[in-house]
Amino acid sequence: MNLCLCCINSKYVHSSLAPWYLAAALQGVENCQVSIVEATINQKEEEIIQKILHNRLEAVAFCCYIWNIEMVHSIVTRFHALRPEIPIILGGPEVTFRSREILQQWPEVSYVICGEGEESLPALVKAWEQYENPQGIPGIAGRMPEGRLFYTPAEPLSTLPPDPYSEQYLATLQGRIAYLETTRGCPFSCSFCLSGVKEKVRFFDLEQSKRNLVKLANSGAKTVKFIDRTFNCHPARAYELVAFILEQSGKAFPRDVRFHFEVGADLFEPRFVELLSTAPPGLLQIEAGLQSFHAETLEAVDRKTDLQRLINNLKACIQPHNVHVHIDLIAGLPYEDYQTFAKSFDQAFALRPHMLQLGFLKLLYGSKIRRQAEEIPEFGYCFSSKAPYEVQKTHWISQHELEKLHEVEDALERMYNSGRFLQTLDYLLQVTEWSPFALFEAFGHYAKQQGVAAGICLDTYTEWIWRFFKQQSGVQPEKLRDCLVMDRLSCDNTGRIPPLLRREDHRLKYAKQKARKLFPDQGKLGVALLYHPWRIAVFDYRDWDVITGRYAMHVFDDEDIEKMGREK
């Protein structure tokens, strides 16, 4: 049996573990030759099909997720037209919970693997090899020769999954993000998520996990991302893994490799918070899913959170400025209207995480909240019928309000999460009466009216900020200009500022000479004159903050240079 496993990722920088797990599981199947094709949704379908056909095939299997399911459907249709004799297998979360529907609507598909495939797929291949009926194999749905559909419920794996980290896998990473799984399942059962739907957490061998961590960190990848749904659900185990990373960084693997974890911040023990505070800047990244601060909403989605403990722990992680902290909110959850979401947003922003992600509820197949949306009319859920099944309106929030939140999201991404306008934001929040949410809401709407698009250039966006905010009550235009200049030169080591921020001032030449005397060994410097109040700003382009992505800024007064301006 020659089987091709295909996974289409959302970006080139991403890799996928799923086909490599399956390939490892198939090693024990006699006469089974496996090839793997990884592609991205940005590639042409013809190119992906040709990659698959490049292998001598007897069957092909696709890994299905919300980001690729539409493309997989199109490729499956075209592939079947070219090679109708080759059986097509689908697996992954996008087909697991609707196998009958898939088989009915996609006649090209022969089998669907439901749930984990590390035992189901080898059993299916063995049945083929021995000309046996695959009906009855746990986790397999398919069609009989006469067209009748069958499905056998999936069962948990009898053992832990095989190790996917082969030399072939490591060789294909080529600097992309590497994913490490040390647990499978989740201790929680949040109604919008699939991770805790059935099985609880299974822990992989800790020493093997450490060995795999070292392998991935030496693969050339600059980021190793733990895909454990709640990395610290076992506090002692999490502590040991982080302590291992701190101890081995610069020894067993290079210092410039980062490690990313999804965490339950309210589960942190004091010693874990203390351990995080000792990490070198940039080594660790944590992502904490808050989702909401609205107690009724959290209860409705089965999310058990000690909010005060969570807030305290996040503050303790953010304050030392050595760990990159990412916080998530989800719009469209039950019982949260526009006003309560705005309050959640402001509470999250007040923590000043290094990234605040505003996401939108996706009603995934197999999730409790999707069943509720279909079964409880009072919820008033309306959502897209196509992946990613994003919420369009609910009983609590209208379509127009969700559209406004998309404008907020765009402004948040460009102004805050990009790190490019932090000085400007600090100033605006000090002098205007806007809350953080209201500020992003107002400017997001303005940018939408200007025709904001993914490819809008930074100079144009900076000009919009200037034009919009200089007219607002409490804002002093020259102070706003100074903040925009500081932001630009803190993030752009070319030392260039947009034309609208430039001032023809003969003193700049003398300021540059003075800066060179003050910083004689600093290499390339950025220099700007600030007018409100008068100061000189110097930017050191060799001193880069790995957490914020900004260069060091030194601001000082110089009465002699300022006096030159008065005399002239």
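Residues numbered from 1 in each chain as written. Predicted model: local features only at pLDDT ≥ 70, side-chain atom pairs only at ≥ 80, totals over all residues. Heavy atoms only, no water.

Colleague: Before we move on, could you go through the side chain of Asp328 and cite the residues and values that matter?
Modeller: For Asp328, the location among the structural elements is in strand 14 (residues 324–331). Arg229 provides the closest opposite charge to the buried, salt-bridge-free Asp328, at an N-O distance of 7.9 Å. Of note is the side chain of Asp328, whose polar atom sits 2.8 Å from the side chain of His326. Not counting residues within four places of it along the chain, the set of residues in contact with Asp328 comprises Glu287, Ala288, Gly289, Leu290, Gln291 and Gln357. (Helix = DSSP H or I, 4+ residues; strand = E, 2+ residues; numbered from the N terminus. Buried < 20%, exposed > 50% of the residue type's maximum accessible area, 1.4 Å probe, protein only. Lys, Arg positive; Asp, Glu negative; His and termini not counted. Salt bridge = Lys/Arg side-chain N within 4 Å of Asp/Glu carboxyl O. Polar contact = N/O pair within 3.5 Å; in protein donor to acceptor, adjacent residues only side chain to side chain. Contact = heavy atoms within 4.5 Å.)

Colleague: So what's going on with the packing of helix 15 (residues 399–417) against helix 18 (residues 458–469)? Residues and values would help.
Modeller: Across the interface, helix 15 lies against helix 18 with an axial gap of 12 Å and an inter-helix angle of 110 degrees. It follows that helix 15 is roughly perpendicular to helix 18 by the angle criterion. Seen from helix 15, the contacting residues are Asp410, Ala411, Arg414 and Met415; seen from helix 18, they are Tyr461, Ile465 and Phe469. Taken together, the residues of the contact of helix 15 with helix 18 sort by class into five nonpolar, no polar and two charged. (Axes fitted to C-alpha atoms, helices over the stretch in contact; angles between N-to-C directions. Parallel < 35°, antiparallel > 145°, perpendicular 65-115°, else oblique. Nonpolar A, V, L, I, M, F, W, Y, C, P; charged D, E, K, R; others polar.)

Colleague: Explain the nonpolar core to me, using residue names and the numbers behind them.
Modeller: Counting residues in hydrophobic clusters, the biggest one holds 150 residues, and the most contacted among them are Phe62, Leu90, Phe259, Phe440 and Phe443. Sort the elements by how many residues they give to this core and helix 15 lands first, with seven residues. Among all residues touching Phe62, those that are not within four sequence positions of it are Cys6, Ile52, Val72, Ile75, Val76, Ile88, Ile89, Leu90 and Gly91. Counting residues in hydrophobic clusters, the runner-up holds 22 residues, among them Leu26, Ala59, Ala61 and Tyr111. (Core = buried A, V, L, I, M, F, W, Y, C linked by side-chain atoms within 4.5 Å.)

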